[in-house]
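# A look at the structure
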Number of protein chains: 2
Amino acid sequence: MTDIHPGRRALLRGTTATAATAVLAGTGLAGASEAAATPYPYASEKRGGGSGPRIGILLYDGYSLLDPTGPAEVLSRLPGASVTMLAERRGPVRTDTGDVAVVAERALEEAGRLDVLLVPGAGNRGTVGAMENRRLLRWIRETDRHTRFTTSVCTGSLILAAAGLLDGRRATTYWASGPYLEQNFDVTYVPERYVRSGKFLTGAGVSAGLDMALYLAALLTDDETARAVQLAVEYDPRPPFDAGNAQRASAEEKARALKLLADSQV
Amino acid sequence: MTDIHPGRRALLRGTTATAATAVLAGTGLAGASEAAATPYPYASEKRGGGSGPRIGILLYDGYSLLDPTGPAEVLSRLPGASVTMLAERRGPVRTDTGDVAVVAERALEEAGRLDVLLVPGAGNRGTVGAMENRRLLRWIRETDRHTRFTTSVCTGSLILAAAGLLDGRRATTYWASGPYLEQNFDVTYVPERYVRSGKFLTGAGVSAGLDMALYLAALLTDDETARAVQLAVEYDPRPPFDAGNAQRASAEEKARALKLLADSQV
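Thresholds, definitions, all that
- Residues numbered from 1 in each chain as written.
- Chains lettered and ligands numbered in written order.
- Predicted model: local features only at pLDDT ≥ 70, side-chain atom pairs only at ≥ 80, totals over all residues.
- Heavy atoms only, no water.
- Contact = heavy atoms within 4.5 Å.
- Buried area = accessible area lost by both parts, 1.4 Å probe.
- Salt bridge = Lys/Arg side-chain N within 4 Å of Asp/Glu carboxyl O.
- Polar contact = N/O pair within 3.5 Å; in protein donor to acceptor, adjacent residues only side chain to side chain.
- Helix = DSSP H or I, 4+ residues; strand = E, 2+ residues; numbered from the N terminus.
- Nonpolar A, V, L, I, M, F, W, Y, C, P; charged D, E, K, R; others polar.
- Least-squares fit on C-alpha atoms with pLDDT ≥ 70 in both.
- Buried < 20%, exposed > 50% of the residue type's maximum accessible area, 1.4 Å probe, protein only.
- Pairing = 2+ DSSP bridges.
- Axes fitted to C-alpha atoms, helices over the stretch in contact; angles between N-to-C directions.
- UniProt positions renumbered as here; feature names shortened; annotations may be inferred.

This part covers the interface of chain A and chain B. With 133 residues of chain A at the interface, the matching set in chain B holds 133 residues. Here chain A and chain B share an interface that buries about 11900 Å² over both sides, 57% of which is from carbon and sulfur atoms. Summed over the shared surface of chain A and chain B, the number is eight salt bridges. The partner of glutamate 224 of chain A in a salt bridge is arginine 256 of chain B, with the nearest N and O atoms 3.7 Å apart. Across the chain A-chain B interface, the total number found is 43 residue pairs in polar contact (both at pLDDT 80 or more). In terms of residues, the side of chain A that touches chain B owes the most to one element, helix α11 (residues 251-264) of chain A, which gives 13 residues. Here the residues of the side of chain A that touches chain B are counted per class, giving 71 nonpolar, 30 polar and 32 charged.

Below, the structure written as structure tokens:
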């Protein structure tokens, strides 16, 4: 079966007309035969764009790919939400490995008011670059004045701290960066998956952005909606190993992880 | 503390020169003061590029952002790995929500041989578009001839099935798309987080790509390396809710999740 035969193709084309039942299919509210009529048992129709939270995610050279994209996946499912990738200049912004680029849709001065600002983390080069970029830090401070939540993933909290936003607060960061955060800023490092301190939400390393984003989803809407988002992205994590917690890892395991990171980055 | 004072900036600049000790810092092999000298206690130096697995990730109009980016984050940390985003044409490829674009670095005909092909999932529009794209399906079939592993996330398995690659096999897909997969193809749907059938690995919805990628990381290298990757991306999932499993969700919860998806997509 290498090509779609005409009958099935026609069936697939028919999905737009059956949007109402398609949304119900696969939910137990419609029969299995209806559910099987479309690959994804609902029809897309973007609604309420702009009526929900305006989420801005800052990209800068050398960020880690999952830091912005995990939360973007989660938060883009909130009713009426808009997610905008931002950077100093519009256009592709490359990750720490140099392999992948996500497009910044708007330059910083085009961002407008944001309900949520998210600052992702990066490798050493990207993090230091952002921490030393006075224009970027100034923009973060100015944007923060009007946000409901200012957030970070991984070493993004070092950038928020460099912008002066975390003084006197509790925060988390990448497991290997906790000592740096605590010793160079007036911040109490808390090795939790995500930490809320007033309007500031910081996430631990890389993948922690998913957990933080679900928590943020509940703050922006309600638990019921956040739970629906979790099911929408089928976030029922079952990693094949239980090796992601630095507090339980040996010195050798940590050294191996940091070496993999170092060798993977440009 | 809104700007970096000169002394600390000089310290940060010094990280390149102290690469060897920086890698050890934060691992218990060096003191806390050394760990605190850099935001990320290692120095980046991409090594062995091209000597490890060549991973190609297919982008097409309307894919879901986390499907390609979660596995890309994980697999890019494997020693010597290259991760290349591919599409029919080079350039930005937009997600299902229309908000975000990832850049395809190479067109399909420029992909070369791949050790791993990963096909992400999409909303209804994107999935049907790919399933009806004969050129794309032909390229998938031809590429698969030389891969070590051909893989998918979410409804990407419907695209592999449409290409004729899953005939007679067990596979998984997005929870709401299982009936479609089973009734339209010679495939046994298995509602697990990821399913291996020979060289084919299929993941469940969206975020399942992370779990599948770690499993794949172990197949491509060994358990020790995969565990180090898990720690490198701090994948110790702790979602604030336990709502991501469709088999435990009510009909109402499923309907709510599918409506959020439908409303978020263009």
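Here we take up the relation of the copies chain A and chain B. Once chain A is rotated about the relating axis by 180° and shifted along it by 0.0 Å, it coincides with chain B to within an RMSD of 0.0 Å. These values place the two chain copies in the arrangement generated by a two-fold rotation axis. No C-alpha of chain A approaches the rotation axis more nearly than that of valine 102 of chain A, which lies at 2.2 Å. Interface overlap between copies: 100% of the residues of chain A at the interface are likewise at the interface in chain B, consistent with a symmetric, same-surface contact.

What follows deals with unusual backbone geometry. Residues and elements named next belong to chain A. With a phi close to 60°, cysteine 154 is a non-glycine residue in the positive phi region. By the element assignment, cysteine 154 lies in the loop between β7 (149-152) and α7 (156-162). For cysteine 154, a relative accessible area of 0% translates into the label buried.

Before going further, it helps to examine the sheet that holds strand β1 (residues 54-58) of chain A. Residue and element names in this part refer to chain A. In spatial order, the strands read β5-β2-β1-β6-β7-β11-β10; together these seven strands make up an open sheet with mixed pairing. In this open sheet, the two edge strands, each paired with only one partner strand, are β5 (106-107) and β10 (194-197). For β1 and strand β2 (residues 82-87), the ladder comprises five bridges, and the chain directions are parallel. Across the sheet, glycine 56 pairs through a bridge with threonine 84, a residue of β2. Helix α6 (residues 134-144) contacts β1, β2, β6 (116-119), β7 and β11 (200-203) of the sheet and is inclined by roughly 150° relative to β6.

Let us now look at the UniProt feature "domain: DJ-1/PfpI" (unreviewed entry) in chain A. Within this structure's numbering, the places UniProt gives as "domain: DJ-1/PfpI" (unreviewed entry) are residues 54-216 of chain A. The distance separating the terminal C-alpha atoms of residues 54-216 of chain A is 13 Å; by composition the span is 32% helix and 26% strand.

This next bit is on the sheet that holds strand β2 (residues 82-87) of chain B. All names here are of chain B. Reading across from one edge, β5-β2-β1-β6-β7-β11-β10 is the order of the seven strands in this open sheet, with mixed pairing throughout. Each edge of the open sheet is held by one strand with a lone partner, namely β5 (106-107) and β10 (194-197). Pairing analysis gives two bridges linking β2 to β5, with the strands arranged parallel. Considered in β5, the bridge of alanine 87 is made with alanine 107. Across the face of the sheet, helix α6 (residues 134-144) comes into contact with β1 (54-58), β2, β6 (116-119), β7 (149-152) and β11 (200-203) while running at roughly 150° to β6. Across the sheet, helix α9 (residues 208-220) is in contact with β6, β7, β10 and β11; its angle to β11 comes to roughly 155°.

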